[in-house]
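Structural description and commentary
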Amino acid sequence: MANMSTKKVPMPEQDPDIRNKNFKEVALGYDEKMAIEEAERCIQCKNQPCVNGCPVHVQIPQFIKLITQGDFEGAYQKIKETNSLPAICGRVCPQESQCESLCTRGKKGEPVAIGRLERFVADWHMKNGVDEIDLPAKNGKKVAIIGSGPAGLTCAGDLAKLGYEVTVFEALHTPGGVLMYGIPEFRLPKEIVQREIDSLKRMGVKIETNMVIGKILTIDDLFDMGYEAVFIGTGAGLPKFMGIPGENLNGVYSANEFLTRINLMKAYDFPNHPTPVKVGKKVAVVGGGNVAMDAARSAKRMGAEEVYIVYRRSEEEMPARLEEIYHAKEEGIIFKLLTNPVRIIGDENGYVKGIECVKMALGEPDESGRRRPIPEKGSEHVIDVETVIIAIGQSPNPLITSTTEGLDKQKWGGIIVNEETMETSRKGVYAGGDAVTGAATVILAMGAGKKAAAAIHEYLSNK
Amino acid sequence: MNEILEKRQLNPTVKLMVINSPLMAKKAKPGQFVIVRVNENGERIPLTIADYNAEKGTITIIFQEVGMSTKALGKLNVGDRLHDFVGPLGVPVEFSPDVKRVLAIGGGVGVAPLYPKVKMLHKNGVKIDSIIGGRSSEYVILEDEMRAVSDNLYITTDDGSKGRKGFVTDVLKELLNNGNKYDEVIAIGPLIMMKMVCQITKEYNIPTMVSMNPIMIDGTGMCGGCRVSVGGEIKFACVDGPAFDGHKVDFDEAMRRQAMYKDMEKKALEEYEHQCKLGGILNG
Ligand SMILES: Cc1cc2nc3c(=O)[nH]c(=O)nc-3n(C[C@H](O)[C@H](O)[C@H](O)COP(=O)(O)OP(=O)(O)OC[C@H]3O[C@@H](n4cnc5c(N)ncnc54)[C@H](O)[C@@H]3O)c2cc1C
Ligand SMILES: Cc1cc2nc3c(=O)[nH]c(=O)nc-3n(C[C@H](O)[C@H](O)[C@H](O)COP(=O)(O)OP(=O)(O)OC[C@H]3O[C@@H](n4cnc5c(N)ncnc54)[C@H](O)[C@@H]3O)c2cc1C
Ligand code: SF4
Ligand code: SF4
Ligand code: FES
């Protein structure tokens, strides 16, 4: 019998006033009973619209059905057929614009909590399941993967399963990409990412950290070393600044720097971890995406008393996941919408003391289809803050494209690929994830890694 | 890999280490740097590649013990391994073939990053005058090495205990006043020294290269923490530099930014020294 409640089974969460002082995970996850109850809200649509909303086509009704039958391991295996990182996607996918956006149940009331169920199944497996890794026979061919974010890890995993000898080269001292240095612990525990990395290692994937490709080795060197194909999954790490006065004052961070200091370098445990970060009492975060929410919520957890999100459009246009906006509000983040910074003001020693903003009104839709914000005359006002975090986007890092001959890129830096195969303008060189699309999502990066792995396999099988 | 093959104390606060890093030694060029993490929890600290030897597969670093991380590094001994050693980072320096005569100026530990550039120029037949300075005689480093690659070497100390009493800029002014002509000046040292050098060379219209040392984390262009204003534009020193046209650099801003964490760095050092006394975290 289907459960006809119009609401999702609520997610147990840490209380907002407690969690905004710790870095532990906010959402605690369903238990078996809750999962079955929620799974029963799925009416098993014949045409399964939800599946079309998922970039990797997870067999959603099928895995949900297995949950209702109490076969959690079976459900896990079902998801794994198309999605190699369910514990991560269940937590960070923007479900409201993907799978859940097309769910029939969402027409009247809330859609089925597909993401939460996916997370439940993955967590259940982590606790109770056994990962059997049958090592495939090696086929003697070497492939190099550059970057260990979701794109690179997925491509590595798929190729290892096919018997390739895979080496992942990562610039930082810890693999995982944005999953490790960007997305905070309270949203995606690092242990989960680490487990995925460990299981790749058990499959025989070699991970070489501290290797900045383009500097220590070029792509041409990799071919000379016997790698027969290369996948570039270097992400979109280059932070954008606004180009307004005062951006180099002390106390102005890019979100990348702020989050890296906290997540990767563990500045919250200063001085045991000696990398410092300055948060101050009042913080303004500029931007409206996931990155901005993460920075704001991290600032709060680091002890800031007042944290503002300064965003030039309205809440409707915010690109962040709904859940993050909701959680941020619950945790006391103050939203200054239709507000745009024009200058950052410093004190006599060069530290930030305020940010001057103007109010915006929404005009006609722009190229992105969102209504264009227009400054209102005479609406200048100053918000007193000691820290400004800029989270207005990132673009692909030029390190690789500038050191590889014949690798075509877009004007804005994205690597150009054949969308069917993810092959670049260089034979045997593939690319995917944020390095190709610009800042996007974990699941799209994974999808690209998968597609490239299949194409690399085809290319090397026929070579 | 990353093993310390040799360790020398150059003066009371400066140490030299030769690190085994064959792959990096093949790629390194003058002007590039490495990022080091001493131990598992360590900070990522940038240090210039002071020398490299592709045949032996070694990279030399020279560092001044100024705070917790450089002190922890200084405690490591021959046979120990660095936890992380990344590089070569940054843009190698290049000089136009028209550069025939160069004045190289190094202050304090800044002589370490200066040396590989001067060595390269010398090898290419460029005529070189060098001025190196320090607080007092024991703070003048790499004197013999610099002498070997310079046509003329001038030494200054603040207290006159070695060479001329005064600043490197005093000799610079004198050389220029005496009509010496240089195609380029390279100045590396404390920010205030580089700023003063640039003020003088600007009057004489001599192109001047400086090497910036802002606070860095990743060293790959990902965080933007290392930004410096050059000619009114934001540059990331780790990927666009660290060498820049000194006449365009906003030194006052750079000095402010470098001091951003002074209070916290002090705290980290105190905590570290306390732990060391307790015999806690030693070599990491
Ligand atoms: C703070 C933050 C929050 C986010 N929240 C979400 C979310 O909730 N949901 C969602 O779906 N998406 C989210 N995203 C976006 C998502 O994380 C990215 O789209 C995704 O990680 C892209 O994957 P990728 O593999 O292409 O690159 P990345 O994850 O960026 O990984 C690239 C890796 O390559 C390495 N690298 C770069 N250059 C080199 C080189 N030259 N040599 C060697 N290695 C190199 C980098 O160090 C990095 O480890 C968020 C992003 C950020 C920054
Ligand atoms: C490209 C580059 C090349 C450098 N080359 C050399 C070199 O060859 N020899 C040498 O002795 N020093 C060099 N430095 C400076 C060196 O990185 C710092 O002295 C070191 O990081 C100090 O760390 P600490 O923990 O010991 O001191 P702390 O007590 O943390 O800091 C002391 C001072 O060092 C600077 N500093 C602190 N953390 C960093 C950081 N993460 N990155 C950069 N600077 C920081 C700040 O100015 C600070 O006030 C270089 C810096 C850069 C950016
Ligand atoms: S992978 Fe993401 S989009 Fe696909 S079903 Fe899972 S949560 Fe939905
Ligand atoms: S659309 Fe919704 S209700 Fe229908 S099968 Fe998919 S999850 Fe179930
Ligand atoms: S150190 Fe992070 S961008 Fe330069």
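These numbers were taken from a predicted model, which means no experiment stands behind them.

**Looking at the site of ligand 3**
- Around ligand 3 sit Cys-54, Pro-55, Val-58, Ile-60, Asn-83, Cys-89, Cys-93, Gln-95, Gln-98, Cys-99, Glu-118 and Ile-443 of chain A, and that is every residue in its neighbourhood.
- Its residues placed into classes, the shell around ligand 3 shows 8 nonpolar, 3 polar and 1 charged.

**Quick look at empty space enclosed by the protein**
- Considering all chains together, one arrives at 5 cavities of 30 Å³ or more under this definition.
- Considering only enclosed or pocket space, the largest cavity measures out at about 120 Å³ in volume.
- Glu-257 of chain A together with Ile-215, Gly-225, Arg-257 and Met-260 of chain B are the residues nearest the centre of the largest cavity, which is lined by 16 residues in total.
- Put simply, the parts of the chain that give the lining of the largest cavity at least two residues each are strand 6 (252-254) and helix 12 (255-264) of chain A together with helix 8 (251-258) of chain B.
- Of the residues in the lining of the largest cavity, the class split is 8 nonpolar, 4 polar and 4 charged.

**Focus on the sheet that holds strand 8 (residues 306-310) of chain A**
Residues and elements named next belong to chain A.
- If you trace the 5 strands from one edge of the open sheet to the other, you get 6-14-7-8-9, paired in parallel fashion. With partners counted over all chains shown, the strands left at the sheet margins are strand 6 and strand 9 (334-336), one partner each. Going across the sheet, the axis of each strand differs from the next one's by a mean of 20°, ignoring polarity.
- Bridge count for strand 8 against strand 9 is 3 bridges, and the pairing is parallel. If you follow Ile-309 over to strand 9, its bridge partner there is Phe-335.
- Against the sheet, helix 13 (residues 290-301) makes contact with strand 7 (282-286), strand 8, strand 9 and strand 14 (387-390), and its axis sits at roughly 170° relative to strand 8, the strand it touches most.

**Points about helix 5 (residues 72-80) of chain A**
Residues and elements named next belong to chain A.
- Of all the positions in helix 5, only Phe-72, Ala-75, Tyr-76 and Ile-79 are classed as buried. One side of helix 5 holds all its buried residues, which, seen down the axis, span an arc of 100°.
- Those residues of helix 5 hidden inside the fold are in contact with helix 2 (32-39), helix 4 (60-68), helix 6 (86-92) and helix 7 (114-128).

**A closer look at the domain arrangement of chain A**
Residue and element names in this part refer to chain A.
- Along its sequence, chain A is carved into domain 1 (16-128), domain 2 (142-237 + 396-462) and domain 3 (239-393).
- Placing a centre on the C-alpha atoms of domain 2 and another on those of domain 3 gives a separation of 30 Å.
- When domain 2 packs against domain 3, the two sides together hide about 1100 Å² of surface, and 56% of this comes from carbon and sulfur.
- The largest per-residue losses of area from domain 2 upon contact with domain 3 belong to Tyr-181, Phe-186 and Arg-187, which jointly make up 53% of the total buried on that side.
- Between the two partners, domain 2 and domain 3, sit 2 salt bridges.
- Between Glu-324 and Arg-187 there is a salt bridge, with its nearest N and O atoms 3.2 Å apart.
- Class assignment for the residues of the side of domain 2 that touches domain 3 results in 6 nonpolar, 4 polar and 2 charged.

**With respect to the pattern of salt bridges**
All names here are of chain A.
- All told, the structure shown has 41 salt bridges over all chains when counted by the stated rule.
- The partner of Arg-119 in a salt bridge is Glu-25, and the shortest N-O contact between them spans 3.1 Å. Here Glu-25 lies in the loop between helix 1 (16-19) and helix 2 and Arg-119 lies in helix 7, a separation of 94 residues in the sequence.
- Residue class for Arg-119 comes out buried when judged on its relative accessible area of 5%.
- A residue is classified by how much of its surface remains accessible, and Glu-25, at 16% relative accessible area, is buried.
- Note that Lys-161 and Asp-158 form a salt bridge whose closest N and O atoms lie 3.8 Å from each other.

**So, the site of ligand 1**
All names here are of chain A.
- Taken together, 36 residues lie around ligand 1, and Val-92, Ala-151, Glu-170, Arg-187 and Asp-434 are the ones closest in.
- One nitrogen or oxygen atom from the main chain of Ala-151 is found 2.8 Å from an oxygen atom belonging to ligand 1.
- Ile-213 is positioned such that a nitrogen or oxygen atom in its backbone is 2.9 Å from a nitrogen atom of ligand 1.
- Considering ligand 1 on its own, with 1000 Å² of exposed area, one finds that the protein chains cover 96% of that surface.
- Taken together, the elements giving at least two residues each to the shell around ligand 1 come down to helix 8 (150-161), helix 13 and helix 16 (442-461).
- The element best represented in the shell around ligand 1 is helix 13, accounting for 3 residues.

**What to know about the sheet that holds strand 3 (residues 33-37) of chain B**
Residue and element names in this part refer to chain B.
- If you trace the 6 strands from one edge of the open sheet to the other, you get 1-2-5-4-3-6, paired in antiparallel fashion. The open sheet has two free edges, formed respectively by strand 1 (4-11) and strand 6 (84-89), since each of these has just one partner strand. Looking at each pair of strands side by side, their axes are set apart by 30° on average, direction ignored.
- Both strand 3 and strand 6 contribute to a ladder of 4 bridges, which runs antiparallel. Among the inter-strand pairings, Arg-37 is bridged to a residue of strand 6, identified as Asp-84.
- Seen against the sheet, helix 2 (residues 68-75) touches strand 1, strand 2 (14-20), strand 3, strand 4 (45-53) and strand 5 (58-64) and runs at an angle of roughly 130° to strand 5.
- Running at roughly 35° to strand 4, helix 3 (residues 111-123) makes contact with strand 4 and strand 5 of the sheet.

Reading the values: the criteria
Residues numbered from 1 in each chain as written. Chains lettered and ligands numbered in written order. Predicted model: local features only at pLDDT ≥ 70, side-chain atom pairs only at ≥ 80, totals over all residues. Heavy atoms only, no water. Near = heavy atom within 4 Å. Nonpolar A, V, L, I, M, F, W, Y, C, P; charged D, E, K, R; others polar. 1 Å grid on protein atoms, 1.4 Å probe; cavity = no way out; pocket = protein on both sides within 12 Å on 5 of 7 lines; lining within 4 Å. Points joined across faces, edges and corners; volume = space filled by probe spheres on them. Helix = DSSP H or I, 4+ residues; strand = E, 2+ residues; numbered from the N terminus. Pairing = 2+ DSSP bridges. Axes fitted to C-alpha atoms, helices over the stretch in contact; angles between N-to-C directions. Contact = heavy atoms within 4.5 Å. Buried < 20%, exposed > 50% of the residue type's maximum accessible area, 1.4 Å probe, protein only. Arc of directions from axis to C-beta. Domains from an automatic or database assignment. Buried area = accessible area lost by both parts, 1.4 Å probe. Salt bridge = Lys/Arg side-chain N within 4 Å of Asp/Glu carboxyl O. Polar contact = N/O pair within 3.5 Å; in protein donor to acceptor, adjacent residues only side chain to side chain. Areas by Shrake-Rupley, 256 points an atom, 1.4 Å probe, with all protein chains shown as cover.

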